[in-house]
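Here are the chains, one letter per residue:
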There are 2 protein chains.
Amino acid sequence: MITVLSGGTGTPKLLQGIKEIVNQDELNIIVNTLENDYFSGVYISADIDTVLYTMSDMINDELWYGVKGDTFVTNEKLAELGTPELLRIGDIDRATKIQKTLLLQNNTLAESVKIQAEHMGIHANILPMSNEDSEITIVTDKGKLEFHDFLIKYQCRPEVTDIITSKVNPAPGVVEAIENSSMVIIGPSNPITSILPIISLNGVIDALKETYVVAVSPIIGNDSVSGPASKFMKALNIPVSSVGVASLYKDFLDNLVIDNKDENLKEEIENIIENVTVTNTIMKTLDDKKNLSELIINII
Amino acid sequence: MITVLSGGTGTPKLLQGIKEIVNQDELNIIVNTLENDYFSGVYISADIDTVLYTMSDMINDELWYGVKGDTFVTNEKLAELGTPELLRIGDIDRATKIQKTLLLQNNTLAESVKIQAEHMGIHANILPMSNEDSEITIVTDKGKLEFHDFLIKYQCRPEVTDIITSKVNPAPGVVEAIENSSMVIIGPSNPITSILPIISLNGVIDALKETYVVAVSPIIGNDSVSGPASKFMKALNIPVSSVGVASLYKDFLDNLVIDNKDENLKEEIENIIENVTVTNTIMKTLDDKKNLSELIINII
């Protein structure tokens, strides 16, 4: 078994490669749930839905959010009626979200996602990191902001001084998935708001220490490949570089994959963790994704 | 002021005529809410939405449900995902329902409908009969059924033996709307499940007794023009005819409008109520609707 820890953009890109070369029955994907919340009357688990759509080939992989070719009839009508949605929910995407909301009336989040994955023909085991409600608050120079407000309404512009997250328990099977894997891949997702929430779950660090863990750095040079990772790392006084990523994961990381452009950091990182792999980590084409996946899988 | 009591199909047809000849600022429409409930995670007030769509010229007036020209992307995807909806909700229609559901978090139903009517450019005063949750159970030879299950899942087929409805209080302004009107029009809606719920509200019968009340019979011959009215009347041992309608409304009705085809019933009905008007009550064209509306308005 292989287990991937995933957020919402960088790791799904990698998953498009992994799913081409790994049998999905041999794959667990543990997904961040920290930002999940109700919007427009439906439960939104953005990272989980991105993973569901990625694994079922439905993903809008320009936005890494929603379904490719989706329409926005309801969303546009809501704006016209004077109730604009914070999140731009497409009509097909809304069906997924309505179904999950209805399933949650009688099931845990993990059970609901399992049912949805089956309906979508997905064989990989997609595991929400937790079944519990959680909160994440971004402390900024514009005040304390909800995560999605910071991301969308404020376009990640305010200066970030701290990030406050609630502590939740892992969903059943999360720790066991890691324990039963020959390799854990930490995808190039935001280390602070996507990966650390998974790692901080009770029992996860201990399980990671017993497993071979490879991470792909989401930072090239001094900036994140996508999203506000660099802003969040700076706020927590972590160097915004692959060196910072290595220091964050050092307690359990066996191999950090960094981009060719950061080859000069290899030695410095080898002082922090045992192995560093230098390759192309920018995933534009499916070949980029498959090549990176193959290299990772072949590390052990 | 004129006040119309409305259900979901027959009366909206008449409203299409009334709105052409009455200033909307002079018009109250009190709408049945008995069957309102949550479906697919949204609050569904079918009769209210039909009246909103009718007054804003959005109504699908073939089905008398939903928005004309609507698409069904979310509805069809939900079925594909294994969660078919009991009610076929269109994408534009869903926006209305989502907005109402969100408004209900901080407003009464009457306040929410008022906000929606304003956004839709409607000047008539659309009043839900009650702000309270209610239930309606159809007792049949197939057991006790929820109203929408009877209507849609069972296609009105089972034999009806009784109808059980919950008692609710009128929304603020309902009794006053009737008291302040020179005429109340009871539209040709189902007398049992659409009109009686309004009439049974505390204070409504007394207010109707003090006002000139005209009703349009929803029965021609021995059957309802549309919907299961005749089945419900039979279950309550009310003659399925305009005579039965007259007897139901006799305590407060001043004039019953019956169809030309029932001219032979005129004398019998005149033994029950004071005035009977015979005319064409089948509303196919806009002219039919305008002619009938004009005749009613000119009664006083």
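That block above? That's the structure.
Calculation notes
- Residues numbered from 1 in each chain as written.
- Chains lettered and ligands numbered in written order.
- Predicted model: local features only at pLDDT ≥ 70, side-chain atom pairs only at ≥ 80, totals over all residues.
- Heavy atoms only, no water.
- Phe/Tyr/Trp six-rings, centres within 6.5 Å; stacked < 30°, edge-to-face > 60°.
- Buried < 20%, exposed > 50% of the residue type's maximum accessible area, 1.4 Å probe, protein only.
- Axes fitted to C-alpha atoms, helices over the stretch in contact; angles between N-to-C directions.
- Helix = DSSP H or I, 4+ residues; strand = E, 2+ residues; numbered from the N terminus.
- Parallel < 35°, antiparallel > 145°, perpendicular 65-115°, else oblique.
- Left-handed = near helix turned anticlockwise from the far one by under 90°.
- Contact = heavy atoms within 4.5 Å.
- Salt bridge = Lys/Arg side-chain N within 4 Å of Asp/Glu carboxyl O.
- Buried area = accessible area lost by both parts, 1.4 Å probe.
- Polar contact = N/O pair within 3.5 Å; in protein donor to acceptor, adjacent residues only side chain to side chain.
- Nonpolar A, V, L, I, M, F, W, Y, C, P; charged D, E, K, R; others polar.

Trainee: I'd love a proper account of the packing of aromatic side chains, names of residues and values included.
Mentor: Any pair of aromatic rings gets described here by the distance separating the centres and the angle formed by the planes. Per the counting criterion, the structure on display carries 8 aromatic pairs over all chains. Consider the rings of Tyr38 of chain B and Tyr43 of chain B, whose centres lie 5.3 Å apart with planes at 70°: the pair is edge-to-face. Exposure remark for Tyr38 of chain B: the relative accessible area of 45% places this residue in the partly exposed category. Residue classification places Tyr43 of chain B among the buried positions, given a relative accessible area of 7%. In textbook terms, an aromatic cluster arises when at least three aromatic residues are bridged by ring pairs, as seen for Phe147, Phe150 and Phe232 of chain A.

Trainee: Could you give me a rundown of the packing of helix α2 (residues 46-55) of chain A against helix α4 (residues 91-103) of chain A, with the residues and numbers involved?
Mentor: All names here are of chain A. Viewed as axis vectors pointing N to C, α2 and α4 meet at an angle of 120°, and their least axial separation amounts to 12 Å. Classified by the angle between their axes, α2 and α4 sit oblique to one another. α4 is crossed by α2, and the crossing has right-handed handedness. Here α2 contributes Ile48, Asp49, Leu52 and Tyr53 to the contact with α4, which in turn contributes Ile92, Asp93, Thr96, Lys97 and Lys100.

Trainee: Could you give me a rundown of the pattern of salt bridges, with the residues and numbers involved?
Mentor: Between side chains of opposite charge, a pair can form when the charged atoms approach closely. Here the structure, examined in full by the defined rule, presents 19 salt bridges over all chains. Between Glu80 of chain B and Lys77 of chain B there is a salt bridge, with the nearest N and O atoms lying 3.1 Å from each other. Taken together, the residues Glu80 of chain B and Lys77 of chain B, both in helix α3 (residues 73-80) and 3 residues apart, mark about one turn of the helix. Residue classification places Lys77 of chain B among the buried residues on the basis of a relative accessible area of 12%. Through salt bridges with shared partners, one network takes in Asp49, Asp93, Lys97 and Lys100 of chain A.

Trainee: Explain the interface of chain A and chain B residue by residue, including any values.
Mentor: The interface is formed by 21 residues belonging to chain A together with 21 residues belonging to chain B. Surface buried jointly by chain A and chain B totals about 2000 Å² across both partners, of which 72% is contributed by carbon and sulfur atoms. Summed over the shared surface of chain A and chain B, the result is 8 residue pairs in polar contact (both at pLDDT 80 or more). Looking at the side of chain A that touches chain B, the elements with two or more residues in it are α3 (73-80) and α4 of chain A. Its residues placed into classes, the side of chain A that touches chain B shows 9 nonpolar, 9 polar and 3 charged.

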